[in-house]
Amino acid sequence: MPVVNDQAIVIRRLDYSETSQVLVFLTRGHGLYRLLAKGVKRSTRTKFTPGIDLLERGDLSYRPCLRTEGGLGTVSEWRQTEPYLALRGEIRRWYAAQYAADITAAMCEEADPHPDVFDGLDALLAGLAGGNETLPLTAAFQCGLLRSVGLWPDLGRCVICDRPAPAGRGAYYAAHQGGLVCRQCQPSQAGTRLVAASVLTALREQRFDGPEARGIVELLDHAFVQAMGRATSVRHVTG
Ligand SMILES: [Zn+2]
């Protein structure tokens, strides 16, 4: 396989041995790649090589090998271009960044490009590092990711009977149905959640900077939990 060059963000880091790492990169133009980086942890008395860190952006050269082909691609070269340093100094910001990396790793696939998700993750990490509020940034990222992977919930009507959802009112949300259900259909659906009118209105208007941001993050997290089939670390973001 020839070497591929792309921008990438490290979204998972798995230790492998004293001198190697296995990393999951979100590349901008080629989707996710799980790659072996050799020689990155080595440090000596005279020279320190710190390795490749979680949630940094860089220019990546790699030889891909798909997981479905049973192999592991390799990192040929990594040049860090943005460490988002300031997000590492505060635990709430770091948790939000890790949450975003976790849902990205779970929702994106190898060799399936989502440049908009890459740009969204870059914007989130830069925003967190820039000292902006955590919850509005997280909500905006969740929205972009759900749209990009085709899981944006239907907020305009009941997904069972098609009745329009009235504006300015709360409604029930059913994650496993991918949208709202009306009061008539709600009793037949397990696991629905009542969403406050203010949260629903802010979400429909894509307004994340108000007091509804926490409710939006919690609501959208249910869509990820449903799709991933496991819990997320959202409580570290909203708590
Ligand atoms: Zn209905």
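Residues numbered from 1 in each chain as written. Predicted model: local features only at pLDDT ≥ 70, side-chain atom pairs only at ≥ 80, totals over all residues. Heavy atoms only, no water.

*Asks:* It is not clear to me how the coordination of the zinc ion should be interpreted in this structure. Could you clarify?
*Replies:* Expected angles at a metal are 109.5 degrees for tetrahedral coordination by four donors and either 90 or 180 degrees for octahedral coordination by six donors. The protein atoms donating to the zinc ion are Cys158 (SG), Cys161 (SG), Cys182 (SG) and Cys185 (SG), with metal-donor distances spanning 2.3 Å. As a motif over one chain, the donors of the zinc ion read C-x2-C-x20-C-x2-C. Judged by relative accessible area, Cys158 falls into the buried class, the value being 2%. (Donors = N, O, S within 2.8 Å, 3.2 Å for Na, K, Ca; no water. Buried < 20%, exposed > 50% of the residue type's maximum accessible area, 1.4 Å probe, protein only.)

*Asks:* Sorry if this is basic, but what is going on with the domain arrangement of the protein chain here?
*Replies:* By a widely used convention, the size of an interface equals the accessible area lost when the partners come together. What the domain assignment reports for the protein chain is domain 1 (1–83) and domain 2 (88–239). Put simply, the middle of domain 1 and the middle of domain 2, counted by C-alpha atoms, are 29 Å apart. Opposite the 23 residues of domain 1 that make contact, domain 2 presents 21 residues. Summing the contributions of domain 1 and of domain 2, the shared interface buries around 1,800 Å²; its carbon and sulfur component is 65%. (Domains from an automatic or database assignment. Contact = heavy atoms within 4.5 Å. Buried area = accessible area lost by both parts, 1.4 Å probe.)

*Asks:* Help me out: how do you make sense of the packing of helix 1 (residues 91–107) against helix 3 (residues 134–148) in this one?
*Replies:* The packing of two helices is summarised by the inter-axis angle and the distance between the axes. At a minimum axis separation of 10 Å, helix 1 and helix 3 run at an interaxial angle of 5°. The angle between helix 1 and helix 3 places the two elements in the roughly parallel class. Facing Arg92, Arg93, Ala96, Tyr99, Ala100, Ile103, Thr104 and Met107 of helix 1, the residues of helix 3 in contact are Thr134, Leu135, Thr138, Phe141, Gln142 and Leu145. Partitioned by chemical class, the residues of the contact of helix 1 with helix 3 number 8 nonpolar, 4 polar and 2 charged. (Axes fitted to C-alpha atoms, helices over the stretch in contact; angles between N-to-C directions. Helix = DSSP H or I, 4+ residues; strand = E, 2+ residues; numbered from the N terminus. Parallel < 35°, antiparallel > 145°, perpendicular 65-115°, else oblique. Nonpolar A, V, L, I, M, F, W, Y, C, P; charged D, E, K, R; others polar.)

*Asks:* Teacher, can you tell me more about the pattern of salt bridges here?
*Replies:* For side chains bearing opposite charge, pairing can occur when the charged atoms are close. The full count for this structure, using the stated rule, is 11 salt bridges. Of the charged contacts, one joins Asp122 and Arg57 as a salt bridge, the two residues approaching to 2.8 Å between their closest N and O atoms. Here the residue Asp122 occupies a position in helix 2 (residues 115–129), and Arg57 occupies one in strand 4 (residues 57–63), the gap between them amounting to 65 residues. Bridged by salt links that share partners, the residues Arg13, Asp53 and Arg88 form one connected network. (Salt bridge = Lys/Arg side-chain N within 4 Å of Asp/Glu carboxyl O.)

*Asks:* Got a minute to help me understand the nonpolar core in this structure?
*Replies:* The nonpolar side chains of soluble globular proteins are, as a tendency, buried together. The biggest cluster of nonpolar side chains holds 66 residues, and the ones touching the most others in it are Ile11, Phe25 and Leu121. Viewed by domain, this core spans two of them, domain 1 (1–83) and domain 2 (88–239), each represented by three or more residues. (Core = buried A, V, L, I, M, F, W, Y, C linked by side-chain atoms within 4.5 Å.)

*Asks:* Honestly, the packing of helix 4 (residues 197–204) against helix 5 (residues 213–228) in this entry has me stumped. Any pointers?
*Replies:* In the contact formed by helix 4 and helix 5, the axes pass within 9 Å of each other and the chain directions differ by 80°. As judged from the angle between their axes, helix 4 and helix 5 are roughly perpendicular. Packed against helix 4, whose contacting residues are Val199, Ala202 and Leu203, the element helix 5 presents Gly215, Ile216, Leu219 and Leu220 at the interface. Class assignment for the residues of the contact of helix 4 with helix 5 results in 6 nonpolar, 1 polar and no charged.

*Asks:* Can you walk me through the environment of Leu220 in this structure?
*Replies:* In this fold, Leu220 is placed in helix 5. Its relative accessible area of 1% is what places Leu220 among the buried residues. A sequence separation of 78 residues divides Leu220 from Gln142, and the C-alpha atoms of the two residues are 6.8 Å apart.

*Asks:* Would you mind going over the sheet that holds strand 8 (residues 179–181) with me for this structure?
*Replies:* Strand order in this open sheet of 4 strands is 6-8-7-9, and the pairing throughout is mixed. With partners counted over all chains shown, the strands left at the sheet margins are strand 6 (154–158) and strand 9 (193–195), one partner each. With strand direction ignored, the average angle separating the axes of adjacent strands in the sheet is 40°. As judged from the 3 bridges shared by strand 7 (residues 171–174) and strand 8, these two strands associate in the antiparallel manner. Following the sheet pairing, Ala174 is matched in strand 8 by Gly179. (Pairing = 2+ DSSP bridges.)

*Asks:* In this structure, what is going on with the state of the cysteines? I would like to understand it.
*Replies:* Covalently bonding the sulfur atom of one cysteine to the sulfur atom of another cysteine gives a disulfide. In total, this model carries 0 disulfides according to the counting rule given. With no disulfide partner, Cys108 has as its closest neighbouring cysteine sulfur the one in Cys143, 15 Å distant. Classification of Cys108 by relative accessible area gives buried; the value is 5%. (Disulfide = S-S within 2.5 Å.)

*Asks:* Would you mind going over the side chain of Ser61 with me for this structure?
*Replies:* Looking at the element boundaries, Ser61 is found in strand 4. Take Ser61: its relative accessible area is 13%, and that puts it in the buried class. Here Ser61 is in contact with Val3, Val4, Asn5, Thr74, Val75, Ser76 and Glu77, once residues within four sequence places are set aside.

*Asks:* Sorry if this is basic, but what is going on with the sheet that holds strand 4 here?
*Replies:* Read around the closed barrel, the 5 strands follow the order 1-2-3-5-4; overall the barrel is mixed. Within this sheet the neighbouring strands show an average axis-to-axis angle of 50°, counted without direction. With 2 bridges joining them, strand 3 (residues 31–38) and strand 5 (residues 73–82) adopt parallel strand pairing. From the neighbouring strand, Leu36 faces strand 5, where its bridge partner is Thr74. Against the sheet, helix 1 engages strand 1 (4–17), strand 2 (20–27) and strand 3, with an angle of about 105° to strand 1. Lying on the sheet, helix 2 is in contact with strand 1, strand 2 and strand 4; it crosses strand 1 at an angle near 65°.

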